[in-house]
Amino acid sequence: MNILAICGSLRAASLNAMLIRALSRLAPPDISIQVYEGMATLPLFNPDLDLTPPASVLSLKEQVAAADIVLIASPEYAHGMTGVIKNALDWTVSSDVFVYKPVVVLNASPRARHADAALREVLSVMSAKILETASVQVPVIGARLDEDGMLSHPEIAEMLKAALAAARVEWQTLQG
């Protein structure tokens, strides 16, 4: 199973990026997690460029299309999803890469309800299939944990392992 993990933050010390990296370190050998590295290279969405998109946009679409599952971890800014993740999603709207695509939504803060709801709404409108049992709120914010701390924290590590296991089960169910 191949998972493309996308972080909705450009911040160097992003808890969501750390969460993604911790998750990838916990993944069993049969689950490959590729971290999307092109978020900072995406230009602001411009529908005029949709017919001839920049290389960074083509790469994003190709990586989403190739993934069995897309995992998104994004913070909440001002009660909404980040402009970074919204911009990336906007670039894919005119394509079908998210149509019926299994998606896991991770949330590093149980307080980020507004962004979580907004992200889920956008993904729903794009016809993505949110894997609910794999989409979890991981209580990292305020815990003062780095990536290694997340791995050594029994509750958080177990939540991440359970999310991966649930993603596998839901994905296999969708495969028939």
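Higher on the page you've got the structure.
Nothing here was measured: the structure is a model prediction, and the numbers come from that model.

### Some details on the overall build of the protein chain
Summing up its helical and strand segments, the protein chain has 6 helices and 7 strands in all. Tracing the protein chain from N to C terminus, the helices and strands come up as β-α-β-α-β-β-β-α-β-α-β-α-α. Relative to its length of 176 residues, the protein chain is compact, with a C-alpha radius of gyration of 15 Å against a globular reference of 16 Å. Each of the three principal axes of the protein chain carries a C-alpha extent, and together these read 50 × 40 × 25 Å.

### Observations regarding the environment of Asp30
Relative to the elements of secondary structure, Asp30 occurs in the loop between helix H1 (15-26) and strand E2 (32-35). For the pair Asp30 and Arg168, spaced 138 residues apart in sequence, the C-alpha separation works out to 9.9 Å. Apart from the residues lying within four places of it in its own chain, the contact partners of Asp30 are Met1 and Arg168.

### Let's talk about the side chain of Ser9
In this structure, Ser9 sits in the loop between strand E1 (2-7) and H1. On the basis of relative accessible area, Ser9 is assigned to the buried category, the value being 11%. There is a polar contact of 3.1 Å between the side chain of Ser9 and the backbone nitrogen of Arg11. Apart from the residues lying within four places of it in its own chain, the contact partners of Ser9 are Ser14, Pro75 and Tyr77.

### Re the packing of aromatic side chains
All told, the structure shown has 1 aromatic pair when counted by the stated rule. Judged by centre distance (5.1 Å) and plane angle (85°), the rings of Phe45 and Trp91 are edge-to-face. Of this pair, Phe45 sits in the loop between E2 and helix H2 (55-66) while Trp91 sits in helix H3 (residues 83-92), and the two are 46 residues apart along the sequence. A residue is classified by how much of its surface remains accessible, and Phe45, at 31% relative accessible area, is partly exposed. For Trp91, a relative accessible area of 0% gives the class buried.

### So, the packing of H1 against helix H6 (residues 154-175)
The geometry of H1 relative to H6 is characterised by a closest axis approach of 10 Å and an angle of 70° between their N-to-C directions. Here H6 runs roughly perpendicular to H1, going by the angle between their axes. Two packed elements cross with a definite hand, and for H1 against H6 that hand is right-handed. Together, Leu19, Ala22, Leu23 and Leu26 of H1 and Ala157, Leu160, Lys161 and Leu164 of H6 make up the contact between the two elements. Looking at the contact of H1 with H6 residue by residue, the class counts come to 7 nonpolar, no polar and 1 charged.

### Observations concerning the pattern of salt bridges
Tallied over the full model, the rule gives 8 salt bridges. Here Asp30 ties to Arg168 by a salt bridge, and the two come within 2.8 Å at their closest N and O atoms. In this pair, Asp30 is assigned in the loop between H1 and E2 and Arg168 in helix H6, connecting sequence segments 138 residues apart. Judged by its relative accessible area of 44%, Asp30 falls in the partly exposed class. A salt bridge links Arg120 to Asp116, with the nearest nitrogen and oxygen atoms 2.9 Å apart. Residue Arg120 and its partner Asp116 are located together in helix H4 (residues 113-125), separated by 4 residues, close to a single helical turn. By relative accessible area, which is 19% here, Arg120 ends up buried. Sharing partners across several salt bridges, the network here consists of Arg21, Arg25, Glu147 and Asp148.

The rules behind each value
- Residues numbered from 1 in each chain as written.
- Predicted model: local features only at pLDDT ≥ 70, side-chain atom pairs only at ≥ 80, totals over all residues.
- Heavy atoms only, no water.
- Helix = DSSP H or I, 4+ residues; strand = E, 2+ residues; numbered from the N terminus.
- Rg over C-alpha atoms; globule rule 2.2 N^0.38 Å.
- Contact = heavy atoms within 4.5 Å.
- Buried < 20%, exposed > 50% of the residue type's maximum accessible area, 1.4 Å probe, protein only.
- Polar contact = N/O pair within 3.5 Å; in protein donor to acceptor, adjacent residues only side chain to side chain.
- Phe/Tyr/Trp six-rings, centres within 6.5 Å; stacked < 30°, edge-to-face > 60°.
- Axes fitted to C-alpha atoms, helices over the stretch in contact; angles between N-to-C directions.
- Parallel < 35°, antiparallel > 145°, perpendicular 65-115°, else oblique.
- Left-handed = near helix turned anticlockwise from the far one by under 90°.
- Nonpolar A, V, L, I, M, F, W, Y, C, P; charged D, E, K, R; others polar.
- Salt bridge = Lys/Arg side-chain N within 4 Å of Asp/Glu carboxyl O.

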